[in-house]
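# Understanding the architecture of this molecule
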Amino acid sequence: MSEKIDLKRRRLLQAASAGMALAAAGPAFPIILKRQSFGRPKREATATFFPDVEIELVAAPGKVQILPGPATRVWRYTARVVKGDPDAVIPIPDTYLGPILKFRKGQRVRITLHNRLPAKFITHWHGMHVPFEADGHPSYAIDPEETYVYEFTVENRAGTYWYHPHTNMVTGAQAYSGLAGLILVEDDEENEVPLPRGEYDLPLVLQDRTFDETNQLLYDRRGPIAMLGFLGEKILVNGHPDFTLNVASRSYRFRVLNGSNSRIYKLAWSDGDSITVIGTDGGLLERPVTRPYLMIGPGERYELWRDFSKSKGKEVRLESQEYHGIMPPLYERFRRSGGSMMGMGGMMGGGMGRGGRMGSMGQRGGMGGMMGTQTISGPEGMMGTIGPMMLMARHIPQGSHFTIARFRVTEKPRTLDNQELPAKLRPLPQLSLDDVVNPDKPRPIAIGNHGRQFTLNGQAFSMTGALPIETFPVNTIHLMEIFHEHGGMEMEGEHGGESEHGSRQSMQGMGGGMSMAMMMAMVHPIHLHGHYFQIVRRTPPEAGGMHGSSEGYETVKDGLVDEGYQDTVLAMAGERIQLIKPFDKYKGLFLYHCHNLEHEDGEMMRNFKVV
Ligand code: C2O
Ligand code: CU
Ligand code: CU
């Protein structure tokens with residue numbers, strides 16, 4: 001019952017705040033935030049907190065040369081060190097990406113975020129284990145010209161983390177507009193590991209974007225995009241299309257971040273070399289693992305080691321290889337049909353607009369509205385849209401084969417130290433079932449859907465809400481299980497009505513008797529805030545089961561790396577994943593959500609309440 005009211009209220013809010021409603025202009029926005037504000041946002045520095053490093057981080061509109069021709073309007077981070085190690089901020093030239101923030105384990109950090117955007121805004125340190133008030137919860141979003149003070153001690157192991165917006169319902173649009181940056185944590189133990197350093201230790205941030213004729217960003221999250229996630233037509237690495245790098249004939253360490261809104265890459269080397277993984281979300285593995293290819297979902301980081309010494313004079317490409325079966329059946333059908341959008345529109349048109357904020361232009365989705373030519377402004381009119389159907393028609397299909405980056409092995413190595421791949425990297429304390437308080441009763445993370453809205457544990461997002469199954473006593477370790485809920489039909493009955501009726505019929509017509517849950521079965525990159533977790537078990541989809549296709553699964557399964565510490569895991573359609581997660585040290589609300597940012601903004605997000 002309350003769910004019903006919730007959905008109704010949400011629809012009203014969406015209708016009231018036209019377009020992106022990024023600025024405080026949307027009348028409903030401030031009201032809902034006030035009503036739901038919670039805890040104590042930090043607007044001032046704490047007198048008793050003595051930072052080792054203090055950083056001023058600014059989010060503001062800017063312009064960057066991305067493509068030949070006109071510069072692209074972006075929103076971006078800039079930063080400077082106010083106190084402490086000047087190397088804590090490493091700007092990257094010629095990109096919209098924010099500077100690299102470099103921390104040491106144990107450091108006390110204060111970051112003052114200045115919001116110079118014409119929009120509500122908040123920033124999250126993805127993967128960092130920090131107090132609730134420093135985690136960038138959307139309830140702490142600040143208004144234009146306001147500041148937010150983050151204070152925390154770096155507790156993470158050395159590794160690759162990142163920062164990005166976490167503003168309610170517009171995380172996808174804001175991150176896409178350019179707001180993202182890397183965080184590198186180092187510690188003494190890692191410094192001992194003989195890995196490539198300096199210029200031979202390189203970040204690779206993977207993103208996809210679509211531009212209009214004047215090189216401006218296009219974005220939309222209505223219609224099929226609300227369901228599938230935004231997919232662009234150009235692959236960018238570190239903010240550059242057609243990324244090409246001259247490299248030396250020696251070994252390299254690559255820190256790969258998938259900073260895309262929803263694209264999943266199947267990484268492989270063009271010369272057939274296997275992928276050597278040395279690190280995951282939570283830093284170095286105990287020992288390297290090799291795979292023929294590597295699946296990397298949005299939000300995930302993997303560290304790769306690659307030896308170019310035998311590729312002298314050659315060009316080696318990092319590619320994304322073809323895969324299947326992890327997108328909804330109707331998307332697969334769209335791909336097989338050579339990209340007929342008409343079929344997809346028929347299946348996903350009606351009602352889908354509800355999931356997207358941009359859908360609130362007085363039309364309720366449907367082909368007519370979506371094919372329409374109205375212009376809807378993105379962050380402060382900065383990004384355009386050509387409508388979701390036209391945007392979809394231009395994207396590189398999820399799961400197709402393409403080149404990500406080219407490495408030309410033309411340089412002489414300046415140093416040859418740390419050339420060999422170490423057999424052992426660093427110890428990785430393992431969590432086991434003996435550590436958990438609930439070995440026989442895993443806490444659920446159920447992926448489901450209410451109509452066309454994806455849900456977690458049967459719910460949409462509520463700013464401060466957490467169910468009993470989402471509440472954890474502080475300093476406990478729990479077994480958790482991610483799985484795909486069956487039975488979409490009963491749920492659908494709950495609030496099906498008005499405009500949804502017609503489109504449900506058409507979906508069934510096209511799907512040949514498939515249930516809604518089957519039609520919507522797809523991959524979800526599930527991310528848990530707070531401390532990292534360890535995966536203990538992955539159960540593949542049942543052959544011929546109701547979710548996913550096992551033939552498709554064959555094309556991705558050898559690229560899953562479950563070793564090491566993770567904060568984001570790709571849950572393939574129909575899979576079950578058991579993981580062990582500590583809820584230590586900090587009380588408060590810690591989000592868990594799908595890191596497909598259009599799903600997240602479509603409220604596939606919930607709170608863990610640590611008490
Ligand atoms: Cu990378 Cu809650 O986000
Ligand atoms: Cu996070
Ligand atoms: Cu998802």
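Residues numbered from 1 in each chain as written. Chains lettered and ligands numbered in written order. Predicted model: local features only at pLDDT ≥ 70, side-chain atom pairs only at ≥ 80, totals over all residues. Heavy atoms only, no water.

Under the annotation held in an unreviewed UniProt entry, the chain carries the name Blue copper oxidase and is attributed to Methylomarinovum tepidoasis.

What follows covers the coordination of the copper ion (ligand 2). Perfect tetrahedral coordination of a metal by four donors corresponds to 109.5 degrees between them, and perfect octahedral coordination by six donors corresponds to 90 or 180 degrees. Summarising the metal site, the copper ion (ligand 2) is bound by the protein donors His124 (NE2) and His527 (NE2), whose distances to it range over 1.9 Å. Residue His124 is located in strand S6 (residues 123–126), and its partner His527 is located in strand S26 (residues 524–528); the two are separated by 403 residues in the primary sequence. An identical accessibility class is assigned to His124 and His527; each is buried. (Donors = N, O, S within 2.8 Å, 3.2 Å for Na, K, Ca; no water. Helix = DSSP H or I, 4+ residues; strand = E, 2+ residues; numbered from the N terminus. Buried < 20%, exposed > 50% of the residue type's maximum accessible area, 1.4 Å probe, protein only.)

Taken as a whole and judged by the stated rule, the model has 38 salt bridges. Asp562 serves as the salt-bridge partner of Arg538, at 2.8 Å between the closest nitrogen and oxygen. Taken together, the positions of Arg538 in strand S27 (residues 534–539) and Asp562 in the loop between helix H13 (550–554) and strand S28 (568–571) put the pair 24 residues apart, joining distant regions of the chain. Across the salt bridge formed by Lys557 and Asp558, the nearest N and O atoms sit 3.6 Å from each other. Residues participating in the shared-partner salt-bridge network are Glu190, Asp201, Arg253, Arg255 and Glu303. (Salt bridge = Lys/Arg side-chain N within 4 Å of Asp/Glu carboxyl O.)

The next subject is the coordination of the copper ion (ligand 3). At this site the copper ion (ligand 3) is bound by His524 (ND1), Cys594 (SG) and His599 (ND1), with donor distances of 2.0 to 2.1 Å. Residue class for His524 comes out buried when judged on its relative accessible area of 1%. Residue classification places His599 among the buried residues on the basis of a relative accessible area of 2%.

Turning our eyes to something else, we now look at the environment of Asn261. For Asn261, the position within the fold is in the loop between strand S14 (251–258) and strand S15 (265–269). Taking the C-alpha atoms as reference points, Asn261 and Leu597, separated by 336 residues in sequence, lie 5.1 Å from one another. One polar contact links Asn261 to Glu598, side chain to side chain, over a distance of 2.9 Å. (Polar contact = N/O pair within 3.5 Å; in protein donor to acceptor, adjacent residues only side chain to side chain.)

Counting 108 residues, the largest nonpolar core has Phe103, Ile111, Trp125, Met128, Phe152 and Ile526 as the members making the most contacts within it. Here this core gets 5 residues from one element, more than from any other, and that element is strand S1 (residues 53–64). (Core = buried A, V, L, I, M, F, W, Y, C linked by side-chain atoms within 4.5 Å.)

Now for the sheet that holds strand S23 (residues 453–456). Backbone-to-backbone hydrogen bonds join strands into a sheet, with any given pair of strands oriented parallel or antiparallel. With respect to topology, 5 strands assemble into an open sheet ordered S23-S22-S25-S29-S27, the strand pairing being mixed. Each having just a single partner strand, S23 and S27 make up the two edges of the open sheet. Across the sheet, the axes of successive neighbouring strands diverge by a mean angle of 20°, strand direction being ignored. In terms of strand pairing, strand S25 (residues 476–484) meets strand S29 (residues 576–583) through 7 bridges, oriented antiparallel. Each residue of the ladder has a partner; that of His478, found in S29, is Lys581. (Pairing = 2+ DSSP bridges. Axes fitted to C-alpha atoms, helices over the stretch in contact; angles between N-to-C directions.)

Non-glycine residue Asn475 carries a positive phi angle of around 65°. Mapped onto the secondary structure, Asn475 falls in the loop between strand S24 (471–472) and S25. The exposure class of Asn475 is exposed, given its relative accessible area of 55%.

Bringing the sheet that holds S15 into the picture now. Within the open sheet, the 5 strands sit side by side as S13-S21-S20-S15-S18. Their pairing is mixed. At either margin of the open sheet sits one strand with a lone partner, and together these are strand S13 (243–248) and strand S18 (294–296). Neighbour-to-neighbour, the strand axes of the sheet open up by a mean angle of 25°, direction not taken into account. Where S15 and strand S20 (residues 315–320) come together, 3 bridges link them in antiparallel fashion. Following the sheet pairing, Ala268 is matched in S20 by Glu319.

This brings us to the environment of Pro388. As for its position among the elements, Pro388 is in helix H9 (residues 388–394). For Pro388, a relative accessible area of 0% gives the class buried.

With that out of the way, let us pick up the side chain of Arg306. Relative to the elements of secondary structure, Arg306 occurs in strand S19 (residues 301–307). A polar atom in the side chain of Arg306 sits 2.8 Å from the side chain of Asp271. Those residues in contact with Arg306, other than ones at most four positions away along the chain, are Arg250, Ser251, Tyr252, Phe254, Trp269, Asp271, Asp273, Ser311 and Val316. (Contact = heavy atoms within 4.5 Å.)

Right, let's talk about the packing of aromatic side chains for a bit. Tallied over the entire structure, the rule returns 28 aromatic pairs. Ring centres of Tyr77 and Phe121 lie 6.0 Å apart, and the angle between their planes is 50°; on these two criteria the pair is classed as tilted. With Tyr77 in strand S2 (residues 72–83) and Phe121 in the loop between strand S5 (108–115) and S6, this pair connects stretches of sequence that are 44 residues apart. Considered together, Tyr77 and Phe121 belong to a single accessibility category, that of buried residues. Clustering of aromatic rings is evident, with ring pairs tying together Tyr77, Phe103, Phe121, Trp125, Phe132, Tyr140, Tyr148, Tyr150, Phe152, Tyr163 and Phe590. The ring of Tyr200 has Arg250 lying over it, and the distance from NZ or CZ to the ring centre is 4.2 Å. When the ring centre of Phe472 is taken as origin, the NZ or CZ atom of Arg443, which lies over that ring, is 4.3 Å away. (Phe/Tyr/Trp six-rings, centres within 6.5 Å; stacked < 30°, edge-to-face > 60°. Lys NZ or Arg CZ within 6 Å of the ring centre and 35° of its normal.)

Right, let's talk about the pairing of S1 for a bit. Across 7 bridges, S1 lies against S5 in parallel orientation. Across the sheet, Ile55 pairs through a bridge with Ile111, a residue of S5. Pairing of S1 with S2, which is carried by 11 bridges, proceeds in the antiparallel orientation. Each residue of the ladder has a partner; that of Ala60, found in S2, is Arg76.

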